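Structural overview for review
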Amino acid sequence: MTTTAADHLLRADGVTVRFGGLTALDDVGLQVAPGSVVGLIGPNGAGKTTLFNVLSGVLRPTAGTITWKGAPPPGRRPHHLARAGIARTFQGLNLFPMMTVLDNVVAGADRLAAGGAFSLISGLGRHHRDERELRARALAALEGFGIAEHAHRLPGTLPYGLQKQVALARACVGEPELLLLDEPASGLSGTQIDALAEQIRGFSRDMAVVLVEHHMDLVMRVCDRIVVLDFGRVISTGTPEEVQADPLVTRAYLGASDDAAPGHTNGAPR
Ligand SMILES: Nc1ncnc2c1ncn2[C@@H]1O[C@H](COP(=O)(O)OP(=O)(O)OP(=O)(O)O)[C@@H](O)[C@H]1O
């Protein structure tokens, strides 16, 4: 089957990023189809975070293009991307510590608010109907994640696993078409990772997901396609089975520690 630009929500073509004399990404291409889960893996220093930062608009590539639904992204600031339907989570959670769980999630609903969610939270430019609707949506999102009972607590008073759920609820409440997840399994227990795998597969009913993750078992369970980076280049792309069978991938991980390799729970493909 031939594919067209319209088949992909997000495309990266020829993306190169240089930091001084270091080439962190070299001519990288990637496509994300609607409703698919795409994993970005590779040994330490391979360029995963750099690519994630380019895709999420944090970093402008030295060369190459990103297209969103066949056109240039509508802006590079996070709120431009959020309004276009691209949401992300952060390795460090990035929750607002002095705002309640509910207000944190309302902040994620920005693209649904006429005046912006911050105007609602701050009371500046407040629209009562918007406020009611957004709070109801945020509460529904918290219910969907099973954490509504914590709506009025500060995030820092919750266990880490629940804080991660708040961050996910904040990313999902704006009903994005693409969710970028930065190491969502880090710091979680095995049981929590099992639950996360179910959630990610559930997300893909409504949105595409791009996942940077060291936890190989999770990547292999949830991804439709995997892009493997090594020294800034794409060395393999395919289904989890294809990537695990690719000798280039095995070789790339040979220099990595055992538990960083994809056949291992926390590392490289088998
Ligand atoms: N801001 C920066 N300035 C200079 N070099 C950088 C910068 N960010 C990343 N690098 C370098 O670019 C390369 C790719 O780094 P990146 O963090 O993207 O890799 P990674 O695959 O995410 O690694 P890890 O799995 O260890 O997080 C590395 O050599 C890193 O040292």
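Residues numbered from 1 in each chain as written. Predicted model: local features only at pLDDT ≥ 70, side-chain atom pairs only at ≥ 80, totals over all residues.

In the nomenclature of an unreviewed UniProt entry, the chain corresponds to ABC transporter ATP-binding protein from the organism Streptomonospora nanhaiensis.

Assigned domains of the chain: these are domain 1 (1-85 + 176-270) and domain 2 (97-175). Counting from both sides, the interface comprises nine residues of domain 1 and, opposite them, nine residues of domain 2. Top element by residues in the side of domain 1 that touches domain 2 is helix H2 (residues 78-84). It accounts for three residues. Across the side of domain 1 that touches domain 2, the residue classes break down as five nonpolar, three polar and one charged. (Domains from an automatic or database assignment. Contact = placed C-beta atoms within 7 Å. Helix = DSSP H or I, 4+ residues; strand = E, 2+ residues; numbered from the N terminus. Nonpolar A, V, L, I, M, F, W, Y, C, P; charged D, E, K, R; others polar.)

For the rest of this paragraph, the subject is the sheet that holds strand E8 (residues 225-230). The strands making up a sheet associate through backbone hydrogen bonding, with each pair oriented either parallel or antiparallel. Strand order in the open sheet formed by six strands is E5-E6-E7-E3-E8-E9, with mixed pairing between adjacent strands. The open sheet terminates on both sides in strands that have one partner only, identified here as strand E5 (86-88) and strand E9 (233-238). Direction aside, the axes of adjacent strands within the sheet are offset by 15 degrees on average. Of the pairings in the sheet, the one linking strand E3 (residues 37-41) to E8 comprises four bridges and is parallel in character. The residue bridging Val 38 from the neighbouring strand is Arg 225, located in E8. Across the sheet, helix H1 (residues 48-55) lies against E3, strand E6 (178-182), strand E7 (208-212) and E8, angled at about 150 degrees from E7, the strand it touches most. (Pairing = 2+ DSSP bridges. Axes fitted to C-alpha atoms, helices over the stretch in contact; angles between N-to-C directions.)

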